[in-house]
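# Descriptive structure summary
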Amino acid sequence: MAEHDENQVNRKAKEALDSSRGQGKLKQLLLWIAALIIGGILGWMNNPGLNELFNFVASVFTRLFQFIAVPTITLAVITTLAALGSNKNTSRIFAHAVTYTLLTTICAAAVGLALYLWIQPGNISADLIGAGVAQVPEKLGKITYYDHFLSIIPNNLLQPFLSGNVLSVMLIAAAVGLALAFMPKTENRDAFLKILLGFQEVLFTLIRALLWILPVGILAFAAQLAAQIEAGVIVGALGKYTAIVIGGNLIQFFIVIPLFLIARGLNPITVFKKMSPAVMVALFTKSSAGTLPVTLASAEQNLKANTAVSRFVLPICTTINMNGCAAFILVTSLFLMQNAGMELSLGEMIGWLFIAVLAAVGNAGVPMGCYFLTLSLMSSIGAPIGLMGVILPIYTIIDMIETAENVWSDSAVCAMTDKDLQGKLTDEDQALAPSI
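Residues numbered from 1 in each chain as written. Predicted model: local features only at pLDDT ≥ 70, side-chain atom pairs only at ≥ 80, totals over all residues. Heavy atoms only, no water.

## Focus on helix H9 (residues 187-212)
- Under the 1.5 Å per step criterion, the end-to-end length of H9 is 38 Å for 26 residues, consistent within 8% with the ideal 38 Å.
- When we look at burial in H9, the residues that qualify are Arg189, Leu193, Leu196, Gln200, Leu203, Phe204, Ile207, Leu210 and Leu211. (Helix = DSSP H or I, 4+ residues; strand = E, 2+ residues; numbered from the N terminus. Expected span 1.5 Å × (residues − 1). Buried < 20%, exposed > 50% of the residue type's maximum accessible area, 1.4 Å probe, protein only.)

## Focus on the environment of Leu102
- Counting through the fold element by element, Leu102 comes out in helix H3 (residues 88-119).
- Taking the C-alpha atoms as reference points, Leu102 and Val361, 259 residues apart in sequence, are found 8.7 Å from one another.

## Things to note about a nonpolar patch on the surface
- Taken together, Leu30, Ile33, Leu36, Ile37, Ile41 and Met45 make up a surface patch of nonpolar side chains, about 550 Å² in accessible area.
- Counting through the fold element by element, Ile37 comes out in helix H1 (residues 2-44). (Patch = residues over 30% accessible without salt bridge, like charges linked within 9 Å, V, L, I, M, F, W, Y side chains within 5 Å. Areas by Shrake-Rupley, 256 points an atom, 1.4 Å probe, with all protein chains shown as cover. Salt bridge = Lys/Arg side-chain N within 4 Å of Asp/Glu carboxyl O.)

## Observations regarding the confidence of the model for the protein chain
- Looking at the protein chain, the pLDDT average stands at 79 and 79% of residues meet or exceed 70.
- Contacts for the low-pLDDT stretch residues 233-237, under 50 throughout, to residues beyond four places or in other chains number 10 contacts. (pLDDT = per-residue confidence, 0-100. Contact = heavy atoms within 4.5 Å.)

## Digging into the state of the cysteines
- Going through the model one piece at a time under the given rule, you end up with 1 disulfide.
- Residue Cys325 pairs covalently with Cys370 via a disulfide, S to S 2.3 Å. Linking Cys325 in helix H15 (residues 323-339) with Cys370 in helix H17 (residues 369-380), this pair joins segments that are 45 residues apart in sequence. The residues Cys325 and Cys370 share a single accessibility class, namely buried.
- Of all cysteine sulfurs, the one in Cys317 lies closest to Cys414, which takes part in no disulfide; the gap is 7.7 Å. (Disulfide = S-S within 2.5 Å.)

## A word on empty space enclosed by the protein
- In total, this model carries 2 cavities of 30 Å³ or more according to the counting rule given.
- What lines the second largest cavity is simply Thr62, Phe65, Gln66, Thr285, Ser287 and Gly290.
- Broken down by element, the residue count for the lining of the second largest cavity peaks at 3 residues, all from helix H2 (residues 48-84).
- Residue composition of the lining of the second largest cavity, by class: 1 nonpolar, 5 polar and no charged. (1 Å grid on protein atoms, 1.4 Å probe; cavity = no way out; pocket = protein on both sides within 12 Å on 5 of 7 lines; lining within 4 Å. Points joined across faces, edges and corners; volume = space filled by probe spheres on them. Nonpolar A, V, L, I, M, F, W, Y, C, P; charged D, E, K, R; others polar.)

In structure tokens:
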């Protein structure tokens, strides 16, 4: 009887705790929405003093995200591979993540191609393209696609971390993680791994603190964007081209990715609500790598994803799952080649679709990464890169939507992989690392 009463008390306490957490998350979401609205109103006022303050605050938060992002990626990949590297679950998780990544990315590019064929944007005048050459950064116009991939291979340990080269950091972290997984389980190995896990606990404490003050950052980001729109910096200058890129991103965001989730037995509205903090941060920071700390926190706190899945899938998806980037590279490449007088058959366009997907997989999740990558690709085939200068003023809004779509797709891949592997991971995997 006493045991029954104790169980009933424990159950009621758990229900009260869950209810309290739910109310706290609702208040947090309402606070973020309020910050978004207030920031938009203040930014639309276009007060020079306020704009300067908001730019400063936005820059501070951007630097904080960048500061946390690289060590988050590094430690998440190392500790996860160290635990799973010699485990059959490693290949299982990786296979699910890569499969969903390729499927969603191909779909994103296919949607962009379909819209391009339907809307059929016309050519831009030669004078406008010539004027756009001045807007293209000189050094970027000379970077080849070969140079881009060569820059991924690190030639020393510190440079990738100092420059924030996400793909190079991933390579180093994967190498260290696999080395720890396959090396003999000595005292030195265990001690080193404990130090890394200790650093990870400190990092997750910093992430919680950053989430607590995030409404201030959201207010500043929203004000900064509203001021840019009011000042006419962001305009739909290229009409049909802009409609294709943004329309394709929205179709992928609101239709294609939810269909993937529904097919795997997940409610897309529920998943989106739980991952909305990460999507919102991605919208303003324009960096999926910089958003990773919030994406991890949302996946583990709200989505309740297994840490073995979230800390393996999300860092990888941050660098290879680029839905919005694939669509932008394809549509922009076709647009530039069309303006260069290159006539492409449907088969050649489909070939470029897969080139765009592979290019997106090789892109780093940093602001304007897709723009730089497309510029490198087009300059290597002699396309009119002056058109990239014409696109540049409107790329700010495109980059925001693309990054939000990329993080939403990362979240979906994590949720689907977690659902597929429920009950199939060992207890050791479940206790992989400290919770955020």
